[in-house]
Amino acid sequence: MRVRDWQDILQEVTEESTDPDGWRAVAGSRRDGVGEDLFIGHPSVGVYQLKTYAKNPRELRGVGTRVARRVDDGLDPLLPAEGAAGRFAVRTPPEDEDHAEEMATRLEETLKVHAEAPTEPDHLFEDVMDAMDAPAFGPMDYEFDGRPDELDELTDEFEEAERLLSAELDELIEADDVGRGFH
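Here is a short report on the structure shown in this document. (Residues numbered from 1 in each chain as written. Predicted model: local features only at pLDDT ≥ 70, side-chain atom pairs only at ≥ 80, totals over all residues. Heavy atoms only, no water.)

Now for helix H4 (residues 149–157). Along H4, the residues classified as buried are Leu151, Leu154 and Thr155. End-on, the buried residues of H4 take up no more than an arc of 100°, which puts them together on one face. For H4, exposure combined with an orientation more than 90 degrees from the buried face picks out Asp149 and Glu157. (Buried < 20%, exposed > 50% of the residue type's maximum accessible area, 1.4 Å probe, protein only. Helix = DSSP H or I, 4+ residues; strand = E, 2+ residues; numbered from the N terminus. Arc of directions from axis to C-beta.)

Below you can see the structure in the form of C-alpha cells.
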C-alpha cells in the first residue's frame, strides 16, 4: 500500500477510463482528530481512501491510497446506491480558453433544456456533469459534523490503511502547526 498526496489520488481517479457516473462516495468527520475521511469507489476501478484537513481557509491538505482493486459484494452495500440524497463530483479544469468556451456553451445549452421542460434533480445533475466533462461523479453519503455508519464500517474493513493514513495525516497536521490557530 502506497500513501500519496490526496491530490495525486484524485488525479488518478480523473484519469481512469471508466464510466464517470459509476463512482460512489462516503465521507464525514475523522474519528479522532482534525479533518475528514472519504472513501470513493467504482465497481471496476476499486476503492480509494482519503484523509484531508484544512490547513487554513484556502488550503486543503491530505493523504490517500487505493484500498481495494474492485468493489466486491462485501463493499458494495457500504457505498451509497443510485437514489442517495447527496452528490459529489471530481472535476478537471478546462485545458485552454477554447475548451472553457466549449464547456460553457454545452453547460448553457444543458441548462436551457432543463429550464424549458420538467426535470428530475438527478437528471439535471448528471447532465451538468456531462456538459462539464466531469471524469467522476455520483451519489454520496456525507455527514458534515458526524460519520455515516458506512464510513465506520469501511474504516474498520481497512484497518491497516486507516492506521497508516492517520499517522501520515497527523504528521502533516503537526508539521503545519494547525492546532495553534492564526496569528
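Alright, that's what it looks like, and here's the rest.
Let's shift gears to helix H1 (residues 6–15). Taken together, the buried positions of H1 are Trp6, Ile9, Leu10, Glu12, Val13 and Thr14. By the N-cap criterion, in which a side-chain oxygen at the helix start approaches the backbone nitrogen of a residue two or three places on, H1 is capped by Asp5, the distance to Gln7 being 2.9 Å. (Polar contact = N/O pair within 3.5 Å; in protein donor to acceptor, adjacent residues only side chain to side chain.)

On to the pattern of salt bridges. Counted by the stated rule, this structure contains 16 salt bridges. As a salt-bridge pair, Asp122 and Arg87 come within 2.8 Å of each other at their nearest N and O atoms. With Asp122 in helix H3 (residues 121–131) and Arg87 in strand E6 (residues 86–90), this residue pair connects regions lying 35 residues apart in the sequence. When salt bridges that share partners are traced, they join Arg31, Asp37, Lys51, Arg147, Asp152, Asp156 and Glu162 into one network. (Salt bridge = Lys/Arg side-chain N within 4 Å of Asp/Glu carboxyl O.)

With 15 residues, the main nonpolar core has Val13, Trp23, Ile40, Tyr48, Leu50, Phe88 and Val90 as its most contacted residues. Going through the elements one at a time, H1, strand E2 (24–29), strand E4 (46–56), E6 and strand E7 (136–143) are the ones with two or more residues in this core. Ranked by residues supplied to this core, first place goes to H1 with four residues. Excluding its chain neighbours within four sequence positions, the residues that come into contact with Leu50 are Trp6, Ile9, Leu10, Glu36, Asp37, Leu38, Ile40, Val63 and Gly64. In terms of nonpolar packing, the next biggest core, distinct from the first, is built from 13 residues, Val26, Val71, Leu78 and Leu154 among them. (Core = buried A, V, L, I, M, F, W, Y, C linked by side-chain atoms within 4.5 Å. Contact = heavy atoms within 4.5 Å.)

Another aspect to go through is the environment of Arg87. For Arg87, a relative accessible area of 21% translates into the label partly exposed. Taking C-alpha positions, Arg87 is 24 Å from Glu102, a pair spaced 15 residues apart along the chain. The contact partners of Arg87, leaving out residues within four places of it in the chain, are Glu82, Asp122, Phe125, Gly138, Pro139 and Met140. In this structure the side chain of Arg87 is engaged in a polar contact, spanning 3.0 Å, whose partner is the backbone oxygen of Ala84. One polar contact links Arg87 to Asp122, side chain to side chain, over a distance of 2.8 Å.

Contact geometry for helix H2 (residues 97–116) and H3: axes closest at 8 Å, N-to-C directions at 160°. Overall, the two elements H2 and H3 adopt an arrangement that is roughly antiparallel. In this structure, H2 crosses over H3, and the sense of that crossing is right-handed. In contact with Met103, Arg106, Leu107, Thr110, Leu111 and His114 of H2, H3 contributes His123, Leu124, Asp127, Val128 and Ala131. Residue classes in the contact of H2 with H3 are distributed as six nonpolar, three polar and two charged. (Axes fitted to C-alpha atoms, helices over the stretch in contact; angles between N-to-C directions. Parallel < 35°, antiparallel > 145°, perpendicular 65-115°, else oblique. Left-handed = near helix turned anticlockwise from the far one by under 90°. Nonpolar A, V, L, I, M, F, W, Y, C, P; charged D, E, K, R; others polar.)

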